[in-house]
Amino acid sequence: MTPTETTAAAETAAVLLSKDENWWRQAVVYQIYPRSFADANGDGIGDLRGILSRVGHLRELGVDAVWLSPFYPSELADGGYDVADYRNVDPRIGTLEEFDELVAALHGAGIRVVVDIVPNHSSDRHEWFQAALAAAPGSPERARYVFRAGRGEHGELPPSDWRSIFGGSAWERVPDGQWYLHLFAPEQPDFDWSNREVRDDFLKTLRFWSDRGVDGFRVDVAHSLTKDLAEPLPSAAELAARPKDGSHPLWDRDDVHEIYAEWRRVFDEYDPPRTGVAEAWVAPERRPRYASREGLGQAFEFDLLMANFSAASFRRVVTDTLALVRRSGSSSTWVLSNHDEVRHATRYGLPPLKNDVAGLNGGDEKQGRAWILAGAPADGVDLAAGSRRARAATLFMLALPGAAYLYQGEELGLHEVGDLPDEARQDPTFFRSPGVDKGRDGCRVPLPWSAEGPSFGFGPGGAHLPQPAWFAEYAVDAEEGEADSSLHLYRRALRLRRELQGAEELSWLETGRDDVLAFERPGGWIAVTVFGTEPYALPASFAGRVVVASAPGVEADAAGGGAAPVVLPGESSAWIVRG
Ligand code: NOJ
């Protein structure tokens, strides 16, 4: 195409994109953690120009949208989730002009853009927090955050014994003796959402990015924000005993939805309306409020991510989730990996949880936690089994009705980097545990684009977290040349998913085995997953074409057209199209 034709094609794609207001319902959304995706200027930190140079990869992969984790100015006390300026780009990552260029390029490639909004807390470098520190107790500047006097004769004790999510006290003392609340790191002071000024400023931020063409927002810790901080503050033990029924002082309060109703009115000022997806770690039955059309519109479903690779757990999660999304009128979101969790290729190589989230034993342990707390030992994980099950789980997940969220690098089948040297670690959970919890850096190591070259093609310089030698084998250019690679599996599955996607419905099929699940989507699209290790001969009732399979060789066998039934190896999945 000539440059004029390319521009015209990009403009047509952008116009087409603007028309569909339900684009998010069954979209494939690819999460980019900007500092670790691609680095154009060689400073070891990924940047917007780096992303721009890889739009072709995203288009070829076949994603519908990207979600950009925070790229805002930040001191990186929490990987960018400590935002110093909500309406700007970190100079190490780029400029606002480059952001506009990136949005235009993605839209031109038919890919929408979702940005991360972090409303529970800012960075301590935010001008409002700096102003609060400079101002006196009781001032309007302090009223944007949560400041309190301490306990004890001289106020030397924190206002309560609450612990921060990252470890240590949830209160930090400032020089004049007051304390401020931070549910996360001390560099992340919590806003006071009862303050109208805070609410208005976030509405301004939503409009700022929406005006620049952003299609939607991923809302960080969406179940926090509003708090009941009436004195006397309850103790940590009392807090833990409080029911999570909408009246808890800190989490998932009913009144948080007043905020999202206001946000919805802003979303609806745009055509098509901007979208929201809540990161809300709440009981499943409380999720529909976040996902309702009057609220953010969608909420992450993390139960699949927390479930063992087991037929009973997967079926239970899918059945329960689909019933819940019907109640909200939303669609589900499926996630197997993100920037906070042990990559699923590694997680599925760990021993199964006794108490997984499917509640089969009523438990809610997190997959991978115990391994990370044990120091991520290499001999504690079966990587080959993990990779095999991850491919199978991915095909299962991509066939479900609803949106699928992918995390950068999972298309390469990347494993968690468990053995980062302690000196290289950046995650506040590591520093505040201290050193006991290895943290989340292992899934944030910069991506390998080529088997050779400095930082495996991440950029012309180094990488801000060290990449292991085995990344060479997972590099994009290495996988390009291998027909059975994870990259080709993802590309093929995403292309087929686009062709096969129909109404948001699913019906379970009888498989004759407890460790095998099969479901059918409208139009004769069947997904079969063998969770056990015994091979499974596809029954005559599933007759059709095997269009993709997670285990190498299955498609070729099926295409052979012999009289014998197609056999799926243990721990594998296949999609079949009837007729
Ligand atoms: C959830 C984000 O996904 C995580 O990375 C971050 O540390 C916390 N929220 C605090 O912002």
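Residues numbered from 1 in each chain as written. Predicted model: local features only at pLDDT ≥ 70, side-chain atom pairs only at ≥ 80, totals over all residues. Heavy atoms only, no water.

Engineer: Tell me about the site of the ligand, residues and numbers included.
Structural biologist: As a structural note, the neighbourhood of the ligand is formed by 13 residues, with Asp 78, Asp 220, His 339, Asp 340 and Arg 440 the closest of them. Measuring from an oxygen atom of the ligand, one finds a side-chain N or O atom of Asp 220 at 2.7 Å. Compared with its free state, where it exposes 290 Å², the ligand has 97% of that area covered by protein. Of the residues in the shell around the ligand, the class split is 4 nonpolar, 2 polar and 7 charged. (Near = heavy atom within 4 Å. Polar contact = N/O pair within 3.5 Å; in protein donor to acceptor, adjacent residues only side chain to side chain. Areas by Shrake-Rupley, 256 points an atom, 1.4 Å probe, with all protein chains shown as cover. Nonpolar A, V, L, I, M, F, W, Y, C, P; charged D, E, K, R; others polar.)

Engineer: Any chance you could break down the packing of helix H14 (residues 383–398) against helix H17 (residues 486–500) for me, citing the residues and the numbers?
Structural biologist: Relative to each other, H14 and H17 sit at 15°, their axes nearing to 11 Å. Our classification of the angle between H14 and H17 gives roughly parallel. As for how H14 packs across H17, the hand of that crossing is right-handed. Only Ser 486, Leu 489, Tyr 490, Ala 493, Leu 494 and Arg 497 of H17 make contact with H14, whose side of the interface consists of Arg 391, Thr 394, Leu 395, Met 397 and Leu 398. Its residues placed into classes, the contact of H14 with H17 shows 7 nonpolar, 2 polar and 2 charged. (Axes fitted to C-alpha atoms, helices over the stretch in contact; angles between N-to-C directions. Helix = DSSP H or I, 4+ residues; strand = E, 2+ residues; numbered from the N terminus. Parallel < 35°, antiparallel > 145°, perpendicular 65-115°, else oblique. Left-handed = near helix turned anticlockwise from the far one by under 90°. Contact = heavy atoms within 4.5 Å.)

Engineer: Go over the environment of Val 476, please, and point to the residues and values.
Structural biologist: Tracing the sequence through the fold places Val 476 in helix H16 (residues 476–480). In the structure, Val 476 is positioned 27 residues away from Ala 503 in sequence and 33 Å away in space, judged by C-alpha atoms. Beyond its immediate sequence surroundings of up to four residues, Val 476 is in contact with His 57, Leu 412, Pro 448, Trp 449 and Leu 487.

Engineer: Got a sec to walk through the packing of aromatic side chains? Specific residues and values, please.
Structural biologist: This structure, assessed with the given rule, holds 43 aromatic pairs. On the numbers, 5.3 Å between centres and 75° between planes, the contact of Phe 430 with Phe 431 is edge-to-face. Measuring from centroid to centroid gives 5.1 Å for Trp 525 and Trp 575, while their planes differ by 70°, and the two rings are edge-to-face. Of this pair, Trp 525 sits in strand S13 (residues 525–530) while Trp 575 sits in strand S17 (residues 572–578), placing them 50 residues apart in sequence. Across the pair, Trp 575 and Trp 525 agree in class, each one buried. The structure contains a cluster of three or more aromatic residues connected by ring pairs, namely Tyr 86, Trp 128, Phe 129, Tyr 145, Phe 147, Tyr 180, Phe 191, Trp 193, Phe 202, Tyr 260, Trp 263 and Tyr 290. (Phe/Tyr/Trp six-rings, centres within 6.5 Å; stacked < 30°, edge-to-face > 60°. Buried < 20%, exposed > 50% of the residue type's maximum accessible area, 1.4 Å probe, protein only.)

Engineer: Let's hear about the pairing of strand S2 (residues 65–68): which residues, and what values?
Structural biologist: Neither face of S2 is left uncovered, since the one carrying Ala 65 and Trp 67 and the one carrying Val 66 and Leu 68 both have all their residues buried. Of the pairings in the sheet, the one linking strand S1 (residues 28–32) to S2 comprises 4 bridges and is parallel in character. Looking at S2, one finds that Tyr 30 is bridged to Val 66. Note: S2 against strand S3 (residues 112–117), 4 bridges, orientation parallel. If you follow Trp 67 over to S3, its bridge partner there is Val 114. Each parallel crossover has a hand, and the one from S2 via helix H4 (residues 96–108) to S3 is right-handed. (Pairing = 2+ DSSP bridges. Right-handed = clockwise from strand over helix to strand, strands pointing away.)

Engineer: Please provide a residue-by-residue account of the pattern of salt bridges, values included.
Structural biologist: Summed over all chains, the structure comprises 44 salt bridges. Where Asp 90 meets Arg 35, a salt bridge forms, and the shortest distance between an N and an O atom there is 3.4 Å. With a gap of 55 residues between them, Asp 90 in the loop between S2 and H4 and Arg 35 in the loop between S1 and helix H2 (48–53) connect regions that are remote in the sequence. By the burial criterion, Asp 90 is buried, and Arg 35 matches it. Each of Asp 78, Asp 340, Asp 427, Arg 440 and Arg 444 takes part in one network of salt bridges that share partners. (Salt bridge = Lys/Arg side-chain N within 4 Å of Asp/Glu carboxyl O.)

Engineer: Tell me about the nonpolar core, residues and numbers included.
Structural biologist: Formed by 134 residues in total, the largest nonpolar core has its most connected members in Trp 263 and Trp 575. With sequence-adjacent residues up to four places away left out, Trp 263 is seen in contact with Ile 117, Pro 119, Trp 193, Phe 202, Leu 203, Leu 206, Val 219 and Leu 296. Counting residues in hydrophobic clusters, the runner-up holds 17 residues, among them Leu 509, Val 554, Ala 558 and Ala 574. (Core = buried A, V, L, I, M, F, W, Y, C linked by side-chain atoms within 4.5 Å.)

Engineer: Break down the sheet that holds strand S5 (residues 171–173) for me, with residues and values.
Structural biologist: Spatially, S4-S6-S5 is the arrangement adopted by the 3 strands of the open sheet, whose pairing is antiparallel. Each of the sheet's edge strands pairs with one partner strand only, and the pair in question is strand S4 (147–148) and S5. Pairing of S4 with strand S6 (residues 179–181), which is carried by 2 bridges, proceeds in the antiparallel orientation. Bridging across to S6, Phe 147 finds its partner in Tyr 180.

Engineer: Could you give an account of the side chain of Gln 467, naming the residues involved and the relevant values?
Structural biologist: Along the chain, Gln 467 turns up in the loop between helix H15 (428–432) and H16. A distance of 3.1 Å separates a polar side-chain atom of Gln 467 from the backbone oxygen of Pro 446. Here Ser 455 takes part through its backbone oxygen, which lies 3.2 Å from a polar atom of the side chain of Gln 467. With near-sequence residues (within four places) excluded, Gln 467 lies in contact with Val 445, Pro 446, Leu 447, Pro 448, Ser 455, Phe 456 and Phe 458.

Engineer: How would you sum up the environment of Gly 79? Please name residues and give values.
Structural biologist: Its location among the elements puts Gly 79 in the loop between S2 and H4. Classification of Gly 79 as buried rests on a relative accessible area of 15%.

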